[in-house]
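One-letter residues, chain by chain:
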Amino acid sequence: METCLGIDIGGTGIKGAPVDTAAGRLLHDRVRQLTPQPSAPDAVVDVVCDLVTRFSWRGPVGITFPGVVLDGVTHTAANVDKGWVDLDARRRFSEALHAPVTVVNDADAAGIAEMRFGAGRDRRGTVLVLTFGTGIGSALFHDGVLVPNTEFGHLELNGHEAEHHAAGNVREEHGLSWDHWAHRVQHYLQHLEMLFSPSLFIIGGGVSKKAEKFLPHIKHVRAEIVPAALHNDAGIVGAALAARADHGAVPIPKC
């Protein structure tokens with residue numbers, strides 16, 4: 001067995017766990033802490049350090065970030081503190097953790113996990129993985145190849161950013177029924193279908209655990225729509241996979 005630690009940073013929560021990167025499963029129950037408010041880099045780094053300490057982890061760490069990430073630098077920060085814009089996050093985390101670190105867009109990480117181990121496994125053509133939470137994350141694949149940092153949650157819809165119309169937290173904040181929220185999601189999916197003609201939508205984030213409450217209400221979308229098989233653990237798994245690809249994995253001795 002080989003493992004890497006995956007940590008998933010979101011606008012609301014930060015969660016992590018060691019991951020069996022060969023099987024795509026968590027080796028321990030994930031630990032979750034609230035994202036500090038304000039979510040300035042130093043405060044978030046402190047939470048990540050605490051998670052690493054809780055697992056007594058030594059070795060490569062994969063970390064997701066809710067924004068555009070290029071070569072370890074975070075270039076946007078729609079749902080976290082603006083201090084992350086143009087920050088060398090990989091260096092900041094590496095210095096704090098004293099470990100090799102990989103930083104990747106959060107939805108890209110979730111998509112990588114779903115395409116490797118989940119609902120997108122062995123699927124060809126164009127696949128869109130969408131994570132509904134504090135915002136809307138997106139990961140676009142064609143024949144299994146990722147187009148990174150798409151950030152389709154920021155597409156304009158009804159004169160506003162799509163995530164302000166259909167993100168998971170919008171349903172909660174406005175007290176929308178599942179069918180009312182599903183209608184908003186349907187409108188968003190129809191817009192994406194018009195632009196990209198995917199054969200499959202994979203719906204991830206926390207709402208994926210409650211797919212039966214909203215998926216039956218989504219109509220008039222040609223593409224197949226399925227919930228993420230890894231649910232809200234996909235980001236953790238994808239972060240670990242990214243770290244393994246960059247730095248290798250830590251062997252776990254047999255008992």
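The structure this text deals with has already been given above.
Note that the coordinates shown come from a computational prediction; the quantities given were computed from them, not determined experimentally. (Residues numbered from 1 in each chain as written. Predicted model: local features only at pLDDT ≥ 70, side-chain atom pairs only at ≥ 80, totals over all residues. Heavy atoms only, no water.)

Caption draft 1: Quick look at the environment of Phe-93. Within the fold, Phe-93 resides in helix α2 (residues 89-97). We classify Phe-93 as buried; its relative accessible area is 2%. Not counting residues up to four positions away in its chain, the partners in contact with Phe-93 are Ile-9, Val-45, Val-48, Ile-63, Trp-84, Val-101 and Val-103. (Helix = DSSP H or I, 4+ residues; strand = E, 2+ residues; numbered from the N terminus. Buried < 20%, exposed > 50% of the residue type's maximum accessible area, 1.4 Å probe, protein only. Contact = heavy atoms within 4.5 Å.)

Caption draft 2: Expanded view of helix α6 (residues 178-196). Helix length check: α6, at 19 residues, gives a terminal C-alpha distance of 26 Å against a target of 27 Å (1.5 Å per residue), a fit within 8%. Where α6 is concerned, the buried positions are Trp-178, Trp-181, Ala-182, Arg-184, Val-185, Gln-186, Tyr-188, Leu-189, Leu-192 and Glu-193. Following α6 by one or two positions, Ser-197 adopts a phi angle in the positive range, close to 50°. (Expected span 1.5 Å × (residues − 1).)

Caption draft 3: Inspection of the packing of aromatic side chains at higher detail. Applying the stated rule across the entire model yields eight aromatic pairs. With a centroid separation of 5.0 Å and 45° between ring planes, the pair formed by Phe-65 and Trp-84 is classed as tilted. With Phe-65 in strand β5 (residues 61-65) and Trp-84 in the loop between β7 (73-74) and β8 (87-88), the pair connects residues that are 19 residues apart, well separated along the chain. Taken as a pair, Phe-65 and Trp-84 share a single burial class, namely buried. A centroid spacing of 6.0 Å and a plane angle of 25° characterise the contact between Trp-84 and Phe-93, whose relative ring orientation is stacked. Here Trp-84 matches Phe-93 in class, with each residue buried. In this structure an aromatic cluster arises from ring pairing among Phe-132, Trp-178, Trp-181, Tyr-188 and Phe-214. Of note, Arg-171 hangs over the ring of Trp-178, and the distance from its end group to the ring centre comes to 3.8 Å. (Phe/Tyr/Trp six-rings, centres within 6.5 Å; stacked < 30°, edge-to-face > 60°. Lys NZ or Arg CZ within 6 Å of the ring centre and 35° of its normal.)

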